[in-house]
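# Structural overview
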Amino acid sequence: MGSDDDLKGRLEGAKRLAELQKDRITRGDFLGFGLLGAVTGAILTIPPVAFVLTPIIKTDVLGNSDVSEEWVEVGHISEITKEAPKDFTIEFPITQSYGDKKIQEESGVSETDYNVRNAVWLSWRDHEPPSFIEGLKKGDSITQSQIEEASQRINVLSNSCAHLGCPVRWVITEGEGEFLCPCHGGIYDINGTYVAGPPPRDMYSYTYEIRENGNVYVKHEFDVQPGIPGISTQEPYVI
Amino acid sequence: MIGRVRSQTSEASKFIVDWMEHRTGIVTILEHALYEPVPKRGTWLYTLGSATLLLISLQFLTGILLLFYYVPTTTEAWNSVYYIMNEAYFGQLIRGIHYWSANFLMATIGLHMARTFFSGAYKSPRELNWIIGVILLLLVVGLSFTGYLLRWDQDGFWASVVGIKIGSYSPFVGGYITHFLVGGDTIGPATLSRFFAIHVWLLPAAIAPFIGIHLYLLRRHGEFGSDIEYTDRLSKLRERQRMEEYDRYELEEDGHDENGRDRE
């Protein structure tokens, strides 16, 4: 009985296959459908995907950043004390979804008003300020040799923790003090060097410059080691 | 008088139900959708799925209401949430339901999964429903994550920073994930817009069909037991319901008490 049914089923199947083969797809049909399918598929998928992935294409493929590459003023070096790092608030002009700078100016709707502020920690390496700092007042200009000396002694650190990006703060519980991340307890010393906790590396430091007016300037650029994006660059991605 | 009104009402409603059934089959659908045999032991544990469904429905309803006042821009987001909480009538209630049911949703999903796991309800022929359940879990996690930033307060903001950076540790695609979520090189207006779009349209639109498939597969295979056993139990349930109905009709016609003792 069972095998009879089985045979019948197979015969049915063979018949149906024969039926289908009467109206076979020719090579031309196949290629035509393939081409049509590819073109239609591309028209339907490329625009929305490219639309949504705009930031990835702009930043990762074309290498354009929506953050301005201009130098931003942080503060005067005389404000940094020997004992503790000093925090400064900075803002980088961005052109994210409100159009370029000209359009922002014309419309009066500027992104810089809403931009998330970044904090920078300035400190003297190993608590050792340069020799000329004694007596330097805010606004005093400095000489070229003093700039060189200060540049070698200064730490310009992003306050974004190298673990998961929470803002670190300077705390003194015992001894000299340390940078402590409130989220998961990452600890760094005054130079931003990793001491304890989950961070995989030292704190990020900005690309900086000290000018003759005694002010420190930074770019939205960090000491991330170069490598193949996504494979050998360092994580986490610093925002 | 009251008896006449009652009989007329029941006539009318019966007519409407019949009319609808004839044209849409709604009664049959509801019957299939609402009845579900469950094991006698641990009956309450089988309500966890329904609890999850209820909480998700609450999310949809209160979410729609919140959109009447919420403004997804960096300057106005926090203020609009403040308006909802302090000035809109019942704003605290609506947002409170959205907030607390989101929290409890994660808990009920966890319990629901635990129940499914320990009762072995993920086994054949229900493997696919487990997989779809996991997809639903991930979508809900995505919704919780994107909803957190929308308040644009310190709490939600830093939680999102942490979340985005966790994504940046992903092998190979870390940087791309960061740029996709952030919408650029730094958190700003684009980030809020993207999280809003993902939270309010993308993920709810994705979750709805999966809920539908989840429920369809549940009704197809039932809560427990193998395929055959289930059909068996369901037919027994139907039989019992029919017998009870017959009994009721007979009793009504005879006019005797429910135990039928006076019937001689």
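The structure under discussion appears in the preceding block.
Each chain carries its own residue numbering, running from 1 in the written order of its sequence. As they are written, the chains are lettered A onward and the ligands numbered 1 onward, keeping that order. A pLDDT threshold of at least 70 governs which residues receive local features in this predicted model, and a stricter bar of 80 or more applies before side-chain atom pairs are shown or counted, although totals over entire chains, interfaces and linings include all residues.

### Brief notes about the overall build of chain A
- Along chain A, the regular secondary structure elements total five helices and 10 strands.
- Three exposure classes are used, all based on how many other C-beta atoms lie within 10 Å of a residue's own C-beta (placed from the backbone): buried at 20 or more, exposed at 12 or fewer, and partly exposed between those limits. Considering chain A as a whole, with its 239 residues, one finds that 24% of them fall into the buried category.
- The contacts of chain A with a sequence gap of at least 6 include a subset with a gap of at least 24, amounting to 58%. Strands are runs of DSSP state E lasting at least 2 residues, helices are runs of H or I lasting at least 4, and numbering of each runs from the N terminus. Any two residues are considered in contact once their C-beta atoms, placed from the backbone, lie within 7 Å.

### A word on the overall build of chain B
- Secondary structure summary: chain B contains 10 helices and zero strands in total.
- Along the chain direction, N to C, the helices and strands of chain B fall in the order α-α-α-α-α-α-α-α-α-α.
- A compact globule built from 264 residues should have a C-alpha radius of gyration of about 18 Å, whereas chain B, at 25 Å, is more than 25% larger.
- Within chain B, buried positions represent 25% of all 264 residues.
- Counted over contacts in chain B with a minimum sequence separation of 6, partners at least 24 positions apart contribute 65%. Both definitions apply: the radius of gyration is a C-alpha atom measure, and the globule rule equals 2.2 Å times residues to the power 0.38.

### Regarding the sheet that holds strand β9 (residues 206-210) of chain A
Residue and element names in this part refer to chain A.
- One bridge is not enough; two strands pair if DSSP finds at least two bridges between them. Sheet architecture is open: three strands sit in the order β1-β10-β9, paired in antiparallel fashion. Either end of the sheet is taken by a strand with one partner, and the two such strands are β1 (72-76) and β9. Across the sheet, the axes of successive neighbouring strands diverge by a mean angle of 30°, strand direction being ignored.
- Where β1 meets strand β10 (residues 215-222), four bridges bridge the pair, whose relative direction is antiparallel. Only C-alpha atoms enter the line fits that serve as axes; for helices the fit covers just the stretch in contact. Angles between N-to-C directions range over 0 to 180 degrees.

### Overview of the nonpolar core
- Val120, Leu122, Val156, Met203, Val216 and Val218 of chain A are the most contacted members of the largest nonpolar core, which totals 32 residues.
- The set of elements that each furnish at least two residues to this core consists of β3 (118-124), β4 (154-158), β9 and β10 of chain A together with α7 (154-168) and α8 (174-182) of chain B.
- Sorting elements by how many residues they give to this core places β3 of chain A first, with four residues.
- Ignoring sequence-local partners within four residues, the contact set of leucine 122 of chain A consists of Val74, Gly75, Ile80, Pro85, Lys86, Phe88, Ile154, Asn155, Val156 and Val216 of chain A.
- The next biggest cluster of nonpolar side chains, apart from the first, holds 22 residues, and it includes Leu105, Leu143, Ile198 and Ile207 of chain B. To form a nonpolar core, buried Ala, Val, Leu, Ile, Met, Phe, Trp, Tyr and Cys residues must be joined through C-beta atoms within 7 Å.

### Here we look at the packing of α7 of chain B against α8 of chain B
Residues and elements named next belong to chain B.
- Running from N to C, α7 and α8 cross one another at 150°; their axes reach a closest spacing of 7 Å. Viewed along their axes, α7 and α8 adopt a mutual orientation that is roughly antiparallel. Residues Ile164, Gly167 and Ser168 of α7 touch α8, and the partners they reach there are Gly174, Gly175, Ile177, Thr178, Leu181 and Val182.
- Amino acid classes used here: Ala, Val, Leu, Ile, Met, Phe, Trp, Tyr, Cys and Pro are nonpolar; Asp, Glu, Lys and Arg are charged; the rest, including Gly, are polar. Looking at the contact of α7 with α8, its residues break down into four nonpolar, five polar and no charged. Put simply, angles under 35 degrees are roughly parallel, angles over 145 are roughly antiparallel, angles from 65 to 115 are roughly perpendicular, and the rest are oblique.

### Quick notes on α8 of chain B
- Counting buried positions over the nine residues of α8 of chain B gives seven, a clear majority of the element.
- When we look at burial in α8 of chain B, the residues that qualify are Gly174, Gly175, Tyr176, Thr178, His179, Leu181 and Val182 of chain B.
- Considering only its buried residues, α8 of chain B is in contact with α3 (54-61) of chain A together with α7 and α9 (189-221) of chain B.
- At the C-terminal side of α8 of chain B, glycine 183 of chain B shows a positive phi close to 75°.

### Quick look at the sheet that holds strand β7 (residues 187-188) of chain A
- Ordered by their spatial adjacency, four strands build an open sheet running β5-β6-β7-β8 (chain A), and the pairing between neighbours is antiparallel. Edge strands, defined here as strands with exactly one partner in the open sheet, are β5 (169-171) and β8 (194-196) of chain A.

### Here's the deal with the pairing of β4 of chain A
All names here are of chain A.
- For β4, a buried count of five out of five residues is recorded, marking the element as mostly surrounded by other parts of the structure.
- Burial along β4 is two-sided: Ile154, Val156 and Ser158 and Asn155 and Leu157, pointing in opposite directions, are all buried.
- Relative to β4, β3 runs antiparallel, the two sharing five bridges. Bridge pairing links valine 120 to serine 158 in β4.

### A few points about the interface of chain B and chain A
- In this complex, chain B contributes 27 residues to the contact, which on the side of chain A involves 29 residues.
- Contributions of two or more residues to the side of chain B that touches chain A are made by α7, α8 and α9 of chain B.
- The element contributing the most residues to the side of chain B that touches chain A is α8 of chain B, with seven residues.
- For the side of chain B that touches chain A, a count of residues per class yields 13 nonpolar, 12 polar and two charged.

### Re the packing of helix α3 (residues 48-66) of chain B against helix α5 (residues 91-118) of chain B
Residues and elements named next belong to chain B.
- At a closest axis distance of 8 Å, the pairing of α3 and α5 adopts a crossing angle of 155°. It follows that α3 is roughly antiparallel to α5 by the angle criterion. α3 and α5 meet at a crossing whose hand is left-handed.
- Partitioning the contact of α3 with α5 into residue classes produces 14 nonpolar, nine polar and two charged. Left-handed is the label given to a crossing in which the near helix is rotated counterclockwise from the far helix by less than a right angle, and right-handed is the label when the rotation is clockwise.

### What to know about α3 of chain B
Residue and element names in this part refer to chain B.
- Taking 1.5 Å per residue, 19 residues should reach 27 Å; α3 reaches 26 Å between its end C-alpha atoms and fits that length.
- Of the positions making up α3, those classed as buried are Gly49, Thr52, Leu55, Ile56, Gln59 and Leu66. Projected down its long axis, α3 carries its buried residues within an arc of 125°, all on one side. Looking at α3, the residues exposed on the side facing more than 90 degrees away from the buried face are Ser50, Ser57 and Ile64.
- Residues of α3 that are buried make contact with α4 (77-86), α5 and α9. In a helix, the anticipated span is given by 1.5 Å times the number of residues less one. Here, the arc refers to the directions that run from the helix axis to the C-beta atoms.

### Quick look at unusual backbone geometry
All names here are of chain B.
- In this model, serine 124 is joined to proline 125 through a cis peptide bond whose omega is 5°.
- Here proline 125 is to be found in the loop between α5 and α6 (127-149).
- Unlike most non-glycine residues, phenylalanine 90 shows phi in positive territory, near 60°.
- You can see phenylalanine 90 is positioned in the loop between α4 and α5.
- Among the residues examined, phenylalanine 90 registers 11 C-beta atoms within 10 Å and is labelled exposed.
- A positive phi is found at tryptophan 152, a non-glycine position, where the angle reads about 55°.
- When you line up the elements, tryptophan 152 lands in the loop between α6 and α7.

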